[in-house]
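Below, each chain spelled out in residue letters.
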Amino acid sequence: MATAEFDFDALLETLEDESSIVFDGLRIEREGETYALETPESDQTDLEAADLEAALEPITDYVTNWRYWRASVGGDGTARRAFLRWCERAPPEAESGDDAPADDTVSTDDDVLAVPARYDALREGIDREWGQLCITARLVDDVDEPAGERVYDLWHVDDADTDLADLEVYDDPCDARELSTYDGDGRYRPLKTAPTLVSGWAFTGLSGAELVETIGFFYPATIENWHRERQGELDVDHWLETAERQTGIYDVIDELPREAVEWMTEACCVDSQCLRRREWQYDEGNELAVDGGDGQFPCREPCSLVVAAARKWTVLESEEEHTYELELTTSELNQLEELIDAVADGRTDEIREADVYDGANRYRARYLRAKRFDDEGSLEARTRDD
Amino acid sequence: MQALVIAAHGSHLNPDASDPTYAHADTVRETGAFDEVREAFWKEEPHFREVIRTLESDEVFVVPLFISEGYFTEQVIPRELRLEDWDPDQWDSDGTDASQATLEADDVEKTIHYCGPVGTHDAMTDVIVQRAESVTDDPDVGEGVGLAVVGHGTERNENSAKAVEYHADRIRQQDRFDEVEALFMDEEPEVDDVTDYFETDDIVVVPLFIADGYHTQEDIPEDMGLTDDYRLGWSVPAEVDGHRIWYAGAVGTEGLMADVVLERAADAGADIGGALESVRATMASDGSRGSDLEPSTGAGD
């Protein structure tokens, strides 16, 4: 529990300047020399300044909550503030930052908590998941901090039950860059939202600003686009717009056939490959058949990996098709399918050395190559004249 | 509030390509001159396309971490930042003197001060000289020494060579090194023949590249004859045709680059307070390097 005291003088000063405080269920009005005080649980009027201080005593949580969001967080209307409120299940605020009820453009969140319940939960720690990240918001138990101050802890969802002593602990947001650079096999992760974030680390005691910065390194721009989507202001650039904008070596990608764009999204833009949910379509009013996925973060336009891959596919799709003749047994044809599947699903490392029943087993693949490849190392196939 | 965005190329394949960007951004962060400092990339995230919306500041200074004016600085970055009213004429440059243009970003209500690339700023000349000092570990390096500034060079963009020649000229005018030459990978005069261009026994070779990668760590060392196989590394200095070649990779990894980034932003009107002084002091006290990046001397060094 927070043990520091709230600053009553600062509150009086605010009332002097603004004549009212209206926030998260707390309402204090200055009416000449007296004050009116209202919460969902209480209602008092004609309070002298000294009485006000006493009247606030039982509802300290409302007051320190107001102080935290006003003084420590600030940033009315920003994605940062909206995200930090989401972290502790506070109700979304209207754009103006006042206490007006959220309008229709702000989606009402699942199980939001009013101040008393939220404070109870914050004393225990409120957990939220953001992609592969788990965030805990909690009250600071430190007399040197202002009352109601929050801190945030961050770790991999897989480490939710791991003892902190078994994790590498960090407090500098910039360290998230290193942690997100390589996957568990030591391979470079050029796509930050690939579902391959390594576990085994924790950030503890971050301020709200530091939390947002840290997440910005793990999952750049996800908070900002999430916020825009919540406000009904997400700007989506569909495939054709993005493709037609390209210049230089990517100038060609708008020639990728419609059908191939489907295959491309099926290959790249699905939950198994990316935590983002594809919101872009082929073009406005021309939806792709492939599902955009269930990711938490909206994907508002084709990313640079998709653009780079599209260039390759545009070149490949410009080739003519031929009919080939080659000799394969039925099992060998099946084996080709198994090989493609294993590579496409990233399964090759899992196939056991001696599992010769799997068509993508290394020895099976080497046997097929030994039998069916010619001296140049190519599949022996002839183009059939139509 | 004011923000700094360092816009760089990055890579889908090489995780080290973004290291200089992060290092210089961190140096600037430490000065506290900007309320927000953000890295942005063409091939990594945050992408140019998304970066401005991650900022709360109204005034944003964008400094391209590129060597020359050209395709990226004139087309790709402004387009991807949605600077609708951008026109390269706003820089009024003949290839090496872009300073800044003030524009509005279309998708956010912010003023963007779009700066020229770090590579053509006058302060870059000092970084090249600083690089020569750090490579030779000699703060007075110059007398009896030749300096080769090496660029990619390409027939597709004349500005690429202009930036290299510009700094070579400026260093020549300082009369510090016995000889100064601008050499290239893909055009004459070529870096392959580096020893043909110098009388001096000692030649410091500084590649005007942002990040270490294929060119600075594989091509150039092999082309100059520092090593037969880049994987074996090379020594610094290395003996080639009776000359001692001092080579240590991309100048963009030099800590003093953060100074150029700050200069660019300050030229565009950013209030950077005492940031330049603090960066220079840090560089001086750190033995000329303020970042975590060490001049690379190859795998075998």
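Residues numbered from 1 in each chain as written. Chains lettered and ligands numbered in written order. Predicted model: local features only at pLDDT ≥ 70, side-chain atom pairs only at ≥ 80, totals over all residues. Heavy atoms only, no water.

(A) Geometry of the domain arrangement of chain A. On domain assignment, one finds that chain A holds domain 1 (8-71), domain 2 (74-93 + 110-231), domain 3 (239-318) and domain 4 (324-383). Distance from the C-alpha centre of domain 2 of chain A to the C-alpha centre of domain 4 of chain A: 45 Å. (Domains from an automatic or database assignment.)

(B) Examining the packing of aromatic side chains more closely. Using the criterion set out here, one finds 25 aromatic pairs over all chains in the structure. With centroids separated by 5.2 Å and ring planes inclined at 20 degrees, the aromatic side chains of B:Phe66 and B:Phe72 adopt a geometry described as stacked. For the pair B:Phe66 and B:Phe72, one class covers both residues: buried. A network of ring pairs unites the aromatic residues A:Phe83, A:Trp86, A:Trp130, A:Tyr219, A:Trp226 and A:Phe297 as a single cluster. The lysine or arginine in question, A:Arg85, covers the ring of A:Trp69, its NZ or CZ lying 5.2 Å from the ring centre. (Phe/Tyr/Trp six-rings, centres within 6.5 Å; stacked < 30°, edge-to-face > 60°. Buried < 20%, exposed > 50% of the residue type's maximum accessible area, 1.4 Å probe, protein only. Lys NZ or Arg CZ within 6 Å of the ring centre and 35° of its normal.)

(C) Summary view of the environment of B:Ser18. Residues and elements named next belong to chain B. In this fold, serine 18 is placed in the loop between β1 (2-8) and α1 (19-31). Classification of serine 18 by relative accessible area gives buried; the value is 2%. With ten residues separating them in the primary sequence, serine 18 and alanine 8 have C-alpha atoms 7.6 Å apart. Those residues within four positions of serine 18 in sequence are excluded, and the remaining contacts are Phe41 and Glu44. (Helix = DSSP H or I, 4+ residues; strand = E, 2+ residues; numbered from the N terminus. Contact = heavy atoms within 4.5 Å.)

(D) Spotlight on the domain arrangement of chain B. All names here are of chain B. Once the domains are mapped, chain B shows domain 1 (2-120 + 254-287) and domain 2 (122-253). On the domain 2 side, the residues contacting the 25 residues of domain 1 number 25 residues. Interface area for domain 1 against domain 2, summed over the two sides, is near 1800 Å², with a carbon-plus-sulfur share of 63%. Looking at the side of domain 1 facing domain 2, the largest losses of area belong to Ile67, Thr96 and Glu254, adding up to 34% of the total buried there. Along the contact surface separating domain 1 from domain 2 lie one salt bridge. Between glutamate 254 and arginine 131 there is a salt bridge; the shortest N-O distance is 2.8 Å. Looking at the side of domain 1 that touches domain 2, the elements with two or more residues in it are α1, α3 (71-80) and α7 (257-267). When residues in the side of domain 1 that touches domain 2 are grouped by element, the largest group, four residues, is from α7. (Buried area = accessible area lost by both parts, 1.4 Å probe. Salt bridge = Lys/Arg side-chain N within 4 Å of Asp/Glu carboxyl O.)

(E) Geometry of unusual backbone geometry. All names here are of chain B. Following glutamate 45, the chain continues to proline 46 via a peptide bond in cis, the omega torsion being 0 degrees. Tracing the backbone shows proline 46 in the loop between β2 (36-41) and α2 (48-51). Look at arginine 82: it is not a glycine, yet its phi comes out positive at around 60 degrees. Inspection of the secondary structure assignment puts arginine 82 in the loop between α3 and β4 (100-104). In this structure arginine 82 comes out as buried when scored by relative accessible area, which is 8%.

(F) View of a negative patch on the surface. Together, A:Asp7, A:Asp9, A:Glu13, A:Glu16, A:Asp17, A:Glu31, A:Glu33, A:Asp46, A:Glu48, A:Asp51, A:Glu53 and A:Glu57 give the surface a local cluster of negative charge. Elements supplying a minimum of two residues to the negative patch: α1 (8-18) and α2 (49-56) of chain A. (Patch = residues over 30% accessible without salt bridge, like charges linked within 9 Å, V, L, I, M, F, W, Y side chains within 5 Å. Areas by Shrake-Rupley, 256 points an atom, 1.4 Å probe, with all protein chains shown as cover. Lys, Arg positive; Asp, Glu negative; His and termini not counted. Charge placed at Lys NZ, Arg CZ, Asp CG, Glu CD.)

(G) View of the interface of chain B and chain A. On the chain A side, the residues contacting the 29 residues of chain B number 31 residues. Summed over both partners, the interface of chain B with chain A buries about 2500 Å², with 43% contributed by carbon and sulfur atoms. Its largest share of buried area at the contact with chain A, chain B owes to B:His12, B:Glu45 and B:Arg53, together 28% of the area lost on that side. Run the count over chain B and chain A and you get twelve salt bridges. Across the pair B:Arg49 and A:Glu301 runs a salt bridge, and its minimum N-O distance is 2.8 Å. Counting the contacts that link chain B with chain A gives 20 residue pairs in polar contact (both at pLDDT 80 or more). Counting only elements with at least two residues in the side of chain B that touches chain A, the list comes to α1, α2 and α3 of chain B. In terms of residues, the side of chain B that touches chain A owes the most to one element, α3(B), which gives five residues. (Polar contact = N/O pair within 3.5 Å; in protein donor to acceptor, adjacent residues only side chain to side chain.)

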